[in-house]
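# Results of the structural survey
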Amino acid sequence: GQNIDQPTEMTATEGAIVQINCTYQTSGFNGLFWYQQHAGEAPTFLSYNVLDGLEEKGRFSSFLSRSKGYSYLLLKELQMKDSASYLCAVRALTGANNLFFGTGTRLTVIP
Amino acid sequence: ETGVTQTPRHLVMGMTNKKSLKCEQHLGHNAMYWYKQSAKKPLELMFVYSLEERVENNSVPSRFSPECPNSSHLFLHLHTLQPEDSALYLCASSQDSGTQYFGPGTRLLVL
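This section reports on the structure supplied with the text. (Residues numbered from 1 in each chain as written. Chains lettered and ligands numbered in written order. Predicted model: local features only at pLDDT ≥ 70, side-chain atom pairs only at ≥ 80, totals over all residues. Heavy atoms only, no water.)

### Considerations on the overall build of chain A
Helix and strand counts for chain A come out as zero helices and 11 strands. Secondary structure of chain A in N-to-C order comes out as β-β-β-β-β-β-β-β-β-β-β. In terms of overall size, chain A behaves like a compact globule, its C-alpha atoms giving a radius of gyration of 14 Å where 111 residues would be expected to give roughly 13 Å. Projecting the C-alpha coordinates of chain A onto the three principal axes gives extents of approximately 45 × 30 × 20 Å. The buried share among the 111 residues of chain A stands at 49%. Taking contacts inside chain A between residues at least 6 apart in sequence as the whole, the part at least 24 apart equals 55%. Carbon and sulfur atoms form 50% of the exposed surface of chain A, whose accessible area is close to 5200 Å². (Helix = DSSP H or I, 4+ residues; strand = E, 2+ residues; numbered from the N terminus. Rg over C-alpha atoms; globule rule 2.2 N^0.38 Å. Buried < 20%, exposed > 50% of the residue type's maximum accessible area, 1.4 Å probe, protein only. Contact = heavy atoms within 4.5 Å. Areas by Shrake-Rupley, 256 points an atom, 1.4 Å probe, with all protein chains shown as cover.)

If you want it as C-alpha cells, here you go:
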C-alpha cells in the first residue's frame, strides 16, 4: 500500500524561508511530485524528483532521499501569493502512472 | 493556464438526477484521469484512460460512469449519487507516464 504524510498547516512570514516535509511509504517508487493548489483552482505542477538530491527552480527547491522515504519543498523569499496548499504525490511503479497524494499542507504567508 | 478545462465549474444535483461532467485537454496528451478531492482527504484517483481505453478503475461505485470518446475529451456521468459524493472532481492529462496537468475542477454538491 501507499502512505504519504505531510503537515496539515504551516504559517510563515513574508520574505522568509519555509520547508514543507513529506514522508512516504510505498510498495514501489517511481518519482515524487510537488503541486501547488490555490483555493478553488487547479493543482499546478511545481517539481519532480526521481533521483536523490536537490532540484532547484527559482524560489522553489525540492529534495528527495529515497532511502529515507523523505522529501521536502523549500520556498525562499516568501510572497503573499505563495499562500496555498502544497500537495506531495508519489508515483507508483505499478499501475497506469498512478499518483498517490498526501492530504496537502496549507501554507499561510503573513505580512 | 487553459491546457485542461472542465465544465461545469459548479454543480448542484439531487440524488435522483443524472448529470455529466466534461473535461477537455488542449495539450496533445494521450492519457486522462479523474480524481475526487474531499475536504481534509488526499486526492483519490478514480479512473485512468490511456489511448482512449480505460486502464484503471479504482474501486469506484457504478453510479460514476466514465467515458472517453477521444484523446482530448473525458466525461464523468453521474446518476443516483449520495450526499457523501459531494466533492471537487478534478480531471488531469499526461503524455504517457509523464507529469499530470490538472483542470480547475467541478465543485459538486449532492442534496
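### Notes on the packing of aromatic side chains
One pass over the full model with this rule turns up 16 aromatic pairs over all chains. Pairing Y24 of chain A with F29 of chain A gives two aromatic rings, centres 5.0 Å apart and planes at 15 degrees, and the pair type is stacked. The residues Y24 of chain A and F29 of chain A share a single accessibility class, namely buried. Between Y35 of chain A and F101 of chain A the ring centres are 6.0 Å apart and the planes differ by 45 degrees, which places this aromatic pair in the tilted class. In this pair, Y35 of chain A sits in strand β4 (residues 32-37) while F101 of chain A sits in strand β10 (residues 99-101), placing the two residues 66 residues apart along the sequence. Here F101 of chain A falls in the buried class, since its relative accessible area comes to 5%. Ring pairs connect the aromatic residues F33, Y35, F45, Y48 and F101 of chain A together with Y33, Y35, Y101 and F102 of chain B, which therefore count as one cluster. (Phe/Tyr/Trp six-rings, centres within 6.5 Å; stacked < 30°, edge-to-face > 60°.)

### Topic: the environment of L51 of chain B
Examined against the element boundaries, L51 of chain B turns out to sit in the loop between β5 (44-50) and β6 (53-57). With 48 residues separating them along the chain, L51 of chain B and G3 of chain B place their C-alpha atoms 18 Å apart.

### So, the sheet that holds strand β7 (residues 60-65) of chain A
All names here are of chain A. Strand order in the open sheet formed by five strands is β1-β3-β8-β7-β6, and the pairing between neighbours is antiparallel. Edge positions in the sheet fall to β1 (3-5) and β6 (53-57), since each of these pairs with one other strand and no more. Across the sheet, the mean angle from the axis of one strand to that of its neighbour is 15 degrees, orientation sign disregarded. Inspection of the sheet shows strand β3 (residues 18-25) paired to strand β8 (residues 70-75) by six bridges, in the antiparallel sense. Paired with T23 across the two strands is Y70, which belongs to β8. (Pairing = 2+ DSSP bridges. Axes fitted to C-alpha atoms, helices over the stretch in contact; angles between N-to-C directions.)

### Here we look at the interface of chain B and chain A
Counting from both sides, the interface comprises 24 residues of chain B and, opposite them, 18 residues of chain A. Summed over both sides, the interface between chain B and chain A buries roughly 1500 Å², with carbon and sulfur atoms accounting for 56% of that surface. At the junction of chain B with chain A, the criterion picks out zero salt bridges. For the side of chain B that touches chain A, the secondary structure elements donating two or more residues are β4 (31-37), β5, β6, β9 (87-94) and β10 (101-102) of chain B. Tallied by class, the residues present in the side of chain B that touches chain A amount to 12 nonpolar, seven polar and five charged. (Buried area = accessible area lost by both parts, 1.4 Å probe. Salt bridge = Lys/Arg side-chain N within 4 Å of Asp/Glu carboxyl O. Nonpolar A, V, L, I, M, F, W, Y, C, P; charged D, E, K, R; others polar.)

### Details of a nonpolar patch on the surface
Together, V12, L109 and L111 of chain B make up an exposed nonpolar region whose accessible area comes to about 290 Å². Counting through the fold element by element, L111 of chain B comes out in the segment after β11 (106-110). (Patch = residues over 30% accessible without salt bridge, like charges linked within 9 Å, V, L, I, M, F, W, Y side chains within 5 Å.)

### What to know about the pairing of strand β1 (residues 4-7) of chain B
Residue and element names in this part refer to chain B. The two faces of β1 differ: V4 and Q6 on one face are buried, but T5 and T7 on the other face are not. Examined bridge by bridge, β1 and strand β3 (residues 18-25) share four bridges and lie antiparallel to one another. Bridge pairing in β3 links Q6 to C23.

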